[in-house]
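# Observations on chain architecture
This is what each chain is made of:
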Amino acid sequence: MNIEIVKIIGDYLSIIFLIFTVVLLLVFISMAYLSARNSFHYKHKNSFGDLSKIMASPLAPSITIIAPAYNEGLTIVENIRSLLSLRYVEFEVMVVNDGSKDDTMEKMIAAFDLYKTDRQVPSDWRAKPVAGIYKSRKKAYAKLTVIDKANGGKSDALNAGMQLSQNKYVGCIDVDCLLLPDALLHVVKAFYQRSKQRVIAVGGVIRVANSCQISGGKLEQINLPTNWLARYQLLEYTRSFLLGRMAWGRIDSLLIISGAFGFFDREIALAAGLYDTDTVGEDMEIVFRMRRYMHDRGLPYTVEYIPDPLCWTEVPESPKILLNQRDRWTRGNLETLYKHKEMFFNPKYGRLGMISYPYWFFYEWLAPLLEFFGFFSIIAFYFAGILNWDFFIGISITIYAFMVMFSFYAILWDVYSYNEYKKTKDLLILMVCALTEPLFFHPLVTFAAVRGNYKKLFKIQSGWGTITRKGFSKPANA
Amino acid sequence: MFLGLTLFYFLGIFLVKNQKSFLQGKTRPKKRELTPKVSEFLFYDDTQVDASEKKAYLNLVIELKELAKDAYYRKALAEILFDLRSDVSGDAKKRLCALYKYLGLQEYSKTKLNSWRWEVVAQGIIELTWMEVSDAYGIIAEFLNDKRSVVRKQAEIALVTLNADGIRLFLDTTRYGISEWQQLKLLEVLRLAKDFDPPRFKNWLNSKNRDVVLFALRLMKHYHQNDADAALVSLIAHRNNEVKREALDCIKKFGVLKALPELVKQYWNLNGDVRLEVLDVFAVLGDESYLEFLQKVRDREHSSTLTSKAMHALNAIGNVVMPDLGEPEPETTENVETEETEVLSFEDTMHTVSSLMVTSEGREPEEKEKEVLVEEDKPQSEETQVPLALPNLLGALDIQMQSMPDEEGSYDSEALQENKAKEKEEVQDDTHLEWKAFQDTEPPEEAWFPFEDPSADLPEHYSVWSQLFDRADESSQWYLLEQMEELADAKDMEFLEHYAKDAPKGFAKQIGKVRLAILDRIPVTCEEESREEIPQKNNPEEHVNLGGLQWTSSPTAIGIDSVIQAKTIEKEQPESEITSKEKASLEYCFSLKSLDVEAEEVKGFNLFDLNFSLDGFPKPENRPS
């Protein structure tokens, strides 16, 4: 009798999993189509013109790049030099020292000859107290502003920068990210190219810089990472940025802009209430909030996405750090979805409420949990002797083949559009990653997601965690 | 299926990779072979060579021409020329463009314009632009209102690049929005253009296309065209906030003092962002006569940003007023100095003001605060208390103002001085005109109308279309006529008449259609213009005869400033009276329409009467009640 009930439950579960999987595959196929169209369009549209000519235009808007720094003493000076070397006229680099415990501040003062200005913060200050605002005595560093403030986390530091910036647009980046010299020109273009809608935010691709050769803050040579974990992440990033976000961008439903490279219309960001300091997923949350701000007021707007490889960053090479990072992403995702739960299947928000939010709910948040519990239910069904082997093998092979196929498709687009990894050996390694990722890397990510949910459910304080940077490789002759 | 697709993608990856290197491999040797030849051609100096070198040069030219017949060589040649384009200038650039044309490569670029693929068309346009093929101007103009945005944008840039009058044509005829990026690029083209004589961009301030108005404002700012005060003032009432903001920026930059009373009048009808800009304008241009208004703003605004801005403006004006008022009292200064290092909120600041007044006079804070903040209906002598307190506020307020951009340096101080002088003169002139205007119904004899004649330096029968027609073949002319049917306006009538004389056979009907279409559009314009337009008698040559109706040659250029002139005179009239007169004026126009009065039949109708009746002149006798 009991076995019968379990069998019926098993059958129902199989149907649910089947529907879930079929919808997922359809969503991914749609994504592949949309991203392909968007990539074609973007490639043709941007094959004309010379961006650098615009640099000196009097109509070019001003941008502040905000880079929060916490215990970055080892690399801070080189990173700032790299940011200052960007090709643009009207920009300011604002480094926010978020109460570092190491010698970050001292190193900046010494390297850039900083002095404390008498500038004060606005009366309605919404961040931790500021100890000082510094400028350089040297003309060469006139674009640099350093804010020394009490520790309040990344979002608090970004909020401080946004409030003290006086420019039209603000870019929130990780200080250890490497931006290509033309990055700001691409960003300005993205902000300025619409005439009917206001572009409230611009996001871009994050590329993996592990093993790449960097010299003087410039990317000298692009190499495939030597570490397998980094390689898997490279494949994952390619899939996510070149296919996923391109597709969401095509239907103007992008709900996340990477915290490592995100630019915002400062006026809207301030009006929407700046970054939320209560979440670890602040990069996603601010996009939700800004979108809702515009949507609720019926203002025409859009969020732009730049697929050009403009921002390069190091990804974790140790499983422990990777798990912490993914655990945090899951918590951030959950917090943001919960905070904006009114959008769930809410037609008032159009595609955001009816497609984008549900996708994030079912396939970014719920899917790892279902996978995890599915795994244990298969073991339970096996021991109970009610495992439908045909269904199990069929769906497993289908999902595996689909995942591999989708990864190959992402590699194909990468080769077609940017062709960063030119060596045949590199491409073959990426293909091996695609074949083995579902077996080795994906379970790790799933486990991190479950752990993040567990921590959130039982309110286990975890915060941001730390990432130990190895630093970029130098050229052999350097 | 998925495994099959995986295999397909696997092959695709290597196919794409190899195809890229294959194409590169095929053109690279040809480019390597041709580059020195092209360089030789470009830097050939006729004066410093002997006969054998001249012969070699001629052979080289012939060889290049022959090679251009082969598709791969042609592609390589085009690529070399496009690459070199950005590296050469002066004579070398001219030679480069000449070589491009000599090799017939522009024909291949032109054929791209017929493609159904937008990226190919855009590429064709950009190639012709790069190589300065000015005879492609007419063909490219056809894409000016193309529905494919990339093609349209490339056509806009091409027009502005290839012809000095391209900017006029573009601003006159574009129907689509102009993104800020596109504006940036267009301005860059104009900036780099040699001997570019910018037209008076105020002529486009009354365009129906919001982006054209915005762009015109930005161009005016860039070229320091500060001769459109009245038009700028009228834009404060524009329905688009961005236009308002840009106009306010121009007002601030050019020091348009006459805008200030209008700003006071409009202030409470504006939205928050625009109000901020308005207060900025007062901070830069305001004087003591606006203190009362600014205090009212400070007291009534709920937003702390706006109150802060108002106080900033008060401070700025306070600094100007201060020298006449003597030194502030020492104890109040001390009080402020003690507060200076603290971050004060708006409430704190207000409290400081109150306490300062209490310290100085020993009165209750609330009572005194009222006195300081609400200055309405107070005699001038009592107002002196405000400026006395204002400099003291500075120390405290500067803390709040830190985050605000310092724009005081951004305005044109010379323009401001000039305007101040002009303002004084104009006040006198206006009085004179107004008086004179009431003497008889003739337009004033003085050239007081603020607009210059935009077409004064243009040839007879000038129209933005004329150049296109000059360059176009018959089929293109037919196409242009079709475009004119949609876009042309009254100022093109004269050109059409002129063109009809020499037009190819069979075109008369189409020309007639265009003229009818223009006439169809006129009643609507008439209704708007009749309220707004004030004629200029001293420019009779500008008038275009449209079957008896007198129109200035550029109606688009006149509307806004005329409104302001009309309004200047209106100020003397009670509001209700003006409204009724405006209505009467409009009714008159409508009644003409409803009676189906043909334009030809309205002979003797004097537009001047219509305008002057708006400003309080006697109505024409034949006006229906």
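Owing to the predicted nature of the structure, the values given are computational and were not obtained by experimental measurement.

### Brief notes about the overall build of chain B
Along the backbone of chain B there are 30 helices and two strands. A buried classification covers 52% of the 625 residues belonging to chain B. Contacts spanning at least 24 positions in sequence make up 72% of the contacts within chain B whose residues lie at least 6 apart. Counting every atom, chain B has about 30000 Å² of accessible surface; 50% of that belongs to carbon and sulfur.

### Considerations on the sheet that holds strand β1 (residues 63–69) of chain A
All names here are of chain A. With mixed pairing, ten strands are arranged side by side in an open sheet as β3-β4-β5-β2-β1-β6-β11-β8-β12-β7. Each edge of the open sheet carries a strand with a single partner, namely β3 (114–116) and β7 (178–179). Pairing between strand β6 (residues 169–173) and strand β11 (residues 261–265): five bridges, direction antiparallel. The residue of β11 that forms the bridge with Y169 is D265.

### Some points on helix α11 (residues 389–417) of chain A
For α11(A), with 29 residues, the first-to-last C-alpha span of 42 Å sits near the 42 Å given by 1.5 Å per residue. Of the residues flanking the end of α11(A), it is N419(A), one or two places downstream, whose phi is positive at about 50 degrees.

### Considering the pattern of salt bridges
Overall, the coordinates contain 47 salt bridges over all chains when judged by the stated rule. Measuring nitrogen to oxygen at the nearest pair gives 3.2 Å for the salt bridge that ties D252(A) to R291(A). Note that D252(A) is positioned in the loop between α6 (228–250) and β11 and R291(A) in helix α8 (residues 282–296), a separation of 39 residues in sequence. Like D252(A), the residue R291(A) is buried in the burial classification. Among the ionic pairs, D135(B) bridges to K110(B), the shortest N-O distance being 3.6 Å. Linking D135(B) in the loop between α6 (118–130) and α7 (137–141) with K110(B) in helix α5 (residues 105–112), this pair joins segments that are 25 residues apart in sequence.

### A short note on the confidence of the model for chain A
Low pLDDT marks regions whose predicted coordinates should not be analysed in detail. Residues at a pLDDT of 70 or more form 96% of chain A, whose mean pLDDT is 89. At the low end of the mean pLDDT range in chain A sits strand β9 (residues 213–215) of chain A, at 84; at the high end sits strand β5 (residues 144–149) of chain A, at 96.

### Here we look at the packing of aromatic side chains
Applying the stated criterion across every chain, the model contains 43 aromatic pairs over all chains. Pairing F344(A) with F361(A) gives two aromatic rings, centres 4.8 Å apart and planes at 45 degrees, and the pair type is tilted. Here the residue F344(A) occupies a position in the loop between α9 (319–339) and α10 (350–384), and F361(A) occupies one in helix α10, the gap between them amounting to 17 residues. For F344(A), a relative accessible area of 30% gives the class partly exposed. A relative accessible area of 23% places F361(A) in the partly exposed class. One aromatic cluster in this structure is built from F288(A), F344(A), F345(A), Y357(A), F361(A), F362(A) and W365(A). Stacked on the ring of Y102(B), the Lys or Arg K65(B) has its end atom at 4.9 Å from the ring centre. Seen from the ring of Y176(B), R152(B) lies directly overhead, with NZ or CZ sitting 3.8 Å from the centre.

### Some points on the side chain of Q225(B)
All names here are of chain B. Position of Q225 relative to the elements: it lies in the loop between α11 (210–222) and α12 (229–235). From its side chain, Q225 meets the backbone oxygen of P199 in a polar contact 2.9 Å long. When residues no more than four places from it in sequence are discounted, the contact partners of Q225 are P198, P199, R200, F201, K202, M220 and F254.

### Things to note about the confidence of the model for chain B
Residues and elements named next belong to chain B. In this model, chain B carries a mean pLDDT of 67, and residues with pLDDT of at least 70 account for 59%. In the model, residues 426–457 has pLDDT below 50 throughout and makes 55 contacts with residues more than four positions away in sequence or in other chains. Confidence drops under pLDDT 50 across residues 523–625; counting only partners more than four residues distant or on other chains, this segment forms 169 contacts. Taken over the whole predicted complex, pTM reads 0.67, whereas the ipTM for its chain interfaces reads 0.77.

### What about the packing of α10(A) against helix α12 (residues 424–457) of chain A?
Residues and elements named next belong to chain A. Between α10 and α12, the least distance of the axes is 9 Å, while the angle of their chain directions is 105 degrees. Taken together, α10 and α12 sit at an angle that is classed as roughly perpendicular. Counting all contacts with α10, which are made through W365, P368, L369, E371 and F372, the residues of α12 involved are H442, T446, A449, V450 and N453. Within the contact of α10 with α12, the residues separate by chemical class into six nonpolar, three polar and one charged.

### Looking at the interface of chain B and chain A
The partner chain A presents 49 residues to the 47 residues of chain B that form the contact. Carbon and sulfur atoms make up 72% of the surface buried where chain B meets chain A, a total of about 4200 Å² over both sides. In this assembly, chain B and chain A are joined by one salt bridge. The partner of K168(A) in a salt bridge is E180(B), and the shortest N-O contact between them spans 3.9 Å.

### Structural notes on α8(A)
Here α8(A) spans 20 Å end to end across 15 residues, near enough to the 21 Å set by a 1.5 Å rise per residue. Directly beyond the C-terminal end of α8(A), a positive phi value near 65 degrees is found at G298(A).

### Looking at the pairing of β5(A)
All names here are of chain A. Burial analysis of β5 places six of its six residues in the buried class, the great majority of the element. The pairing of strand β4 (residues 130–136) with β5 spans five bridges and is antiparallel. Bridge assignment links I133 to a residue of β5, and that residue is I147.

### Examining a nonpolar patch on the surface
Residues and elements named next belong to chain A. On the surface, F375, F376, I379, Y382, F383, W389, I393 and I397 cluster together to form a nonpolar patch covering roughly 880 Å² of accessible area. Looking at the nonpolar patch, the element that brings in the most residues is α10, giving five residues. Inspection of the secondary structure puts F383 in helix α10.

### Quick look at the UniProt feature "transmembrane region" (unreviewed entry) in chain A
Residue and element names in this part refer to chain A. According to UniProt, the feature "transmembrane region" (unreviewed entry) maps to residues 12–36, 361–385, 391–415 and 427–450 in the numbering used here. Summarising residues 391–415: 100% helix, 0% strand, and an end-to-end C-alpha distance of 36 Å. For residues 427–450, the helix share is 100%, the strand share is 0%, and the end-to-end C-alpha distance is 32 Å.

### Focus on the pairing of β1(A)
Residue and element names in this part refer to chain A. Most of β1 sits inside the fold, with seven of its seven residues counted as buried. Because side chains alternate across β1, one face comprises the buried residues I63, I65, A67 and A69, and the other comprises T64, I66 and P68, equally buried. Both β1 and strand β2 (residues 91–98) contribute to a ladder of seven bridges, which runs parallel. Considered in β2, the bridge of I65 is made with V93. A crossover connection joins β1 to the parallel β2 through helix α2 (residues 76–84); in handedness this β-α-β unit is right-handed.

### As for the nonpolar core
The biggest cluster of nonpolar side chains holds 283 residues, and the ones touching the most others in it are L144(A), M162(A), F261(A), F264(A) and W465(B). Top element by residues in this core is α11(A). It accounts for twelve residues.

### Structural notes on the packing of helix α1 (residues 2–45) of chain A against α6(A)
All names here are of chain A. It is at 7 Å that the axes of α1 and α6 come closest, and there the two elements cross at 80 degrees. When the axes of α1 and α6 are compared, the pair comes out roughly perpendicular. Across the interface between the two elements, M31, L34, S35, R37, N38, S39, H41 and Y42 of α1 pack against L242, L243, G244, M246, A247, W248, G249 and R250 of α6. Broken down by class, the residue content of the contact of α1 with α6 amounts to eight nonpolar, six polar and two charged.

### Let's talk about unusual backbone geometry
Residue and element names in this part refer to chain A. Despite not being glycine, F345 shows a phi value in the positive range, around 50 degrees. Here F345 is to be found in the loop between α9 and α10. The class for F345 is partly exposed, based on a relative accessible area of 40%. With phi around 50 degrees, N419 is a residue other than glycine that occupies positive phi space. On the secondary structure map, N419 appears in the loop between α11 and α12.

Cut-offs applied
- Residues numbered from 1 in each chain as written.
- Chains lettered and ligands numbered in written order.
- Predicted model: local features only at pLDDT ≥ 70, side-chain atom pairs only at ≥ 80, totals over all residues.
- Heavy atoms only, no water.
- Helix = DSSP H or I, 4+ residues; strand = E, 2+ residues; numbered from the N terminus.
- Buried < 20%, exposed > 50% of the residue type's maximum accessible area, 1.4 Å probe, protein only.
- Contact = heavy atoms within 4.5 Å.
- Areas by Shrake-Rupley, 256 points an atom, 1.4 Å probe, with all protein chains shown as cover.
- Pairing = 2+ DSSP bridges.
- Expected span 1.5 Å × (residues − 1).
- Salt bridge = Lys/Arg side-chain N within 4 Å of Asp/Glu carboxyl O.
- pLDDT = per-residue confidence, 0-100.
- Phe/Tyr/Trp six-rings, centres within 6.5 Å; stacked < 30°, edge-to-face > 60°.
- Lys NZ or Arg CZ within 6 Å of the ring centre and 35° of its normal.
- Polar contact = N/O pair within 3.5 Å; in protein donor to acceptor, adjacent residues only side chain to side chain.
- Axes fitted to C-alpha atoms, helices over the stretch in contact; angles between N-to-C directions.
- Parallel < 35°, antiparallel > 145°, perpendicular 65-115°, else oblique.
- Nonpolar A, V, L, I, M, F, W, Y, C, P; charged D, E, K, R; others polar.
- Buried area = accessible area lost by both parts, 1.4 Å probe.
- Patch = residues over 30% accessible without salt bridge, like charges linked within 9 Å, V, L, I, M, F, W, Y side chains within 5 Å.
- UniProt positions renumbered as here; feature names shortened; annotations may be inferred.
- Right-handed = clockwise from strand over helix to strand, strands pointing away.
- Core = buried A, V, L, I, M, F, W, Y, C linked by side-chain atoms within 4.5 Å.

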